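# Examination of the molecular architecture
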Amino acid sequence: EVQLVESGGGLGQPGGSLRLSCVASGFTFSSYTMNWVRQAPGKGLEWISCISSSGSTTHYADSVKGRFTISRDNAKNSLSLQMDSLRAEDTAVYYCARDKYGYSSTDYWGQGTLVTVSS
Amino acid sequence: DIQMTQSPSSLSASVGDRVTITCRASRDISSSLAWYQQKPEKAPKSLIYAASTLESGVPSRFSGSGSGTDFTLTISSLQPEDFATYYCQQHSAYPLTFGGGTKLEIK
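This structure is a prediction, so every number in the text was calculated from the model and none was measured.

Right, let's talk about the overall build of chain B for a bit. Helices and strands together make up the secondary structure of chain B, namely zero helices and 11 strands. The order of helices and strands in chain B, counted from the N terminus, is β-β-β-β-β-β-β-β-β-β-β. Along the first, second and third principal axes, the C-alpha set of chain B runs to 35 × 25 × 25 Å. Taken over 107 residues, chain B has a buried fraction of 49%.

In structure tokens:
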């Protein structure tokens with residue numbers, strides 16, 4: 001059974017940093033592109049970043065480019081999102097999601113972790 | 001960036017109704033369109049990818065169609081568990097982008 005479990009959410013200060021993690025199980029993690037998608041309270045879904053299976057290629061939404069860094073450790077089946085220069089508008093539930101193999105849609109999602117940016 | 005426009009933003013319907021949600025892309029995305037269902041306080045669930053291919057385990061009352069810029073999600077006979085919010089997403093080019101969502105409510 002595919003499982004994605006996020007952690008690391010919580011309260012962050014404006015201008016501060018947080019690091020999110022996602023641990024994967026039930027599939028060959030090193031074979032899949034992985035994504036982060038967020039959802040602000042009461043709002044829709046926003047894709048923010050992805051990383052290729054090897055980690056060699058990354059993509060970011062303009063809203064987080066230069067502030068967030070996606071990475072992965074295939075030996076530990078782990079995906080991370082380093083969030084720097086946090087802003088109030090980064091407040092959201094952050095989901096880790098697996099790419100559907102051969103496509104760029106997502107087929108499995110974690111349960112999400114809430115990030116709140118406030119002083 | 002490719003803009004995705006969904007309509008309607010909300011919809012009231014009854015159990016047994018046939019409903020259609022539309023999604024329009026700001027440029028040609030071929031068949032690179034996915035649909036997701038989200039229930040309150042839950043993670044999204046993938047329903048359809050490549051415009052018309054159902055994910056494993058998704059009931060056959062769900063169907064997707066379209067190509068280019070115009071797409072539809074149809075639920076042939078609404079069931080109580082189908083009341084949720086639905087999102088389209090283009091998976092043609094980065095940044096991936098979602099539609100604004102359609103909230104399907106019980107009439």
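Taken together, the contacts link 22 residues of chain A with 18 residues of chain B. Buried area between chain A and chain B, summed over both chains or domains, comes out near 1,600 Å², and the portion from carbon and sulfur atoms is 64%. The largest share of the area that chain A buries against chain B comes from Leu45(A), Trp47(A) and Ser104(A), three residues that together contribute 34% of it. Applying the counting rule to chain A against chain B returns one salt bridge.

Moving on: the environment of Glu1(A). All names here are of chain A. Considering the arrangement of structural elements, one finds Glu 1 in the segment before strand E1 (3-7). Among the residues examined, Glu 1 registers a relative accessible area of 79% and is labelled exposed. Separated by 44 residues in the primary sequence, Glu 1 and Leu 45 have C-alpha atoms spaced 25 Å apart. Once you skip the residues sitting within four places of it in the chain, Glu 1 turns out to touch Ser 25 and Gly 26.

A few words now on the nonpolar core. Nonpolar side chains in soluble globular proteins tend to be buried together. Ranked by size, the top nonpolar core spans 26 residues in total, and within it Met34(A), Trp36(A), Leu79(A), Leu81(A) and Tyr94(A) carry the most contacts. Mapped onto this core, the elements with two or more residues apiece are strand E3 (18-25), strand E4 (34-39), strand E5 (45-51), strand E7 (68-73), strand E8 (78-83), strand E9 (92-99) and strand E11 (113-117) of chain A. No other element matches the four residues that E3(A) contributes to this core. Contact partners of Leu79(A), with chain neighbours within four places excluded, come to Leu20(A), Ser21(A), Cys22(A), Phe29(A), Met34(A), Asn35(A), Trp36(A), Ile51(A), Ile70(A), Ser71(A), Arg72(A) and Cys96(A). Grouped together as the second largest cluster of nonpolar side chains are 24 residues, Ala51(B), Phe71(B), Leu73(B) and Ile75(B) included.

All names here are of chain A. The residue Thr 113 is located in strand E11 in this model. The exposure class assigned to Thr 113 is buried, which follows from its relative accessible area of 10%. Each C-alpha atom of the pair Thr 113 and Tyr 94 lies 5.3 Å from the other, and the pair is 19 residues apart in sequence. Contact partners of Thr 113, with chain neighbours within four places excluded, come to Glu 6, Ser 7, Gly 8, Gly 9, Leu 20, Ala 92, Val 93 and Tyr 94. For Thr 113, the side chain forms a polar contact with the main-chain nitrogen of Gly 9, separated by 3.1 Å.

Now for the sheet that holds E7(A). Residue and element names in this part refer to chain A. Ordered in space as E1-E3-E8-E7, the four strands form an open sheet in which the pairing is antiparallel. Because the sheet does not close on itself, it has two edges, and the strands there are E1 and E7. Each strand axis lies, on average, 15° off the axis of its neighbour in the sheet, ignoring direction. The pairing of E1 with E3 spans five bridges and is classified as antiparallel. Its bridge partner being in E3, Leu 4 is matched across the sheet by Ala 24.

Two descriptors summarise a pair of aromatic rings, namely the distance from one centre to the other and the angle between the planes of the rings. Counted according to the given criterion, the structure contains nine aromatic pairs over all chains. Centre to centre, the rings of Phe27(A) and Phe29(A) are 6.3 Å apart; their planes meet at 55°, and the pair counts as tilted. Here Phe27(A) and Phe29(A) have matching classes, each one buried. Measuring from ring centre to ring centre gives 4.9 Å for Tyr103(A) and Tyr49(B), while their planes differ by 65°; the resulting arrangement is edge-to-face. With Tyr103(A) in the loop between E9 and strand E10 (106-109) and Tyr49(B) in strand E5 (residues 45-49), this residue pair bridges two chains. Taking relative accessible area as the criterion, Tyr49(B) reaches 12% and is therefore assigned buried. Within the aromatic cluster, the residues linked to one another by ring pairs are Phe27(A), Phe29(A), Tyr32(A) and Tyr101(A). Over the ring of Phe27(A) we find Arg98(A), and its NZ or CZ is 4.8 Å from the ring centre. Positioned above the aromatic ring of Tyr32(A), the side-chain terminus of Arg98(A) is 4.0 Å from the ring centre.

What counts and how
Residues numbered from 1 in each chain as written. Chains lettered and ligands numbered in written order. Predicted model: local features only at pLDDT ≥ 70, side-chain atom pairs only at ≥ 80, totals over all residues. Heavy atoms only, no water. Helix = DSSP H or I, 4+ residues; strand = E, 2+ residues; numbered from the N terminus. Buried < 20%, exposed > 50% of the residue type's maximum accessible area, 1.4 Å probe, protein only. Contact = heavy atoms within 4.5 Å. Buried area = accessible area lost by both parts, 1.4 Å probe. Salt bridge = Lys/Arg side-chain N within 4 Å of Asp/Glu carboxyl O. Core = buried A, V, L, I, M, F, W, Y, C linked by side-chain atoms within 4.5 Å. Polar contact = N/O pair within 3.5 Å; in protein donor to acceptor, adjacent residues only side chain to side chain. Pairing = 2+ DSSP bridges. Axes fitted to C-alpha atoms, helices over the stretch in contact; angles between N-to-C directions. Phe/Tyr/Trp six-rings, centres within 6.5 Å; stacked < 30°, edge-to-face > 60°. Lys NZ or Arg CZ within 6 Å of the ring centre and 35° of its normal.

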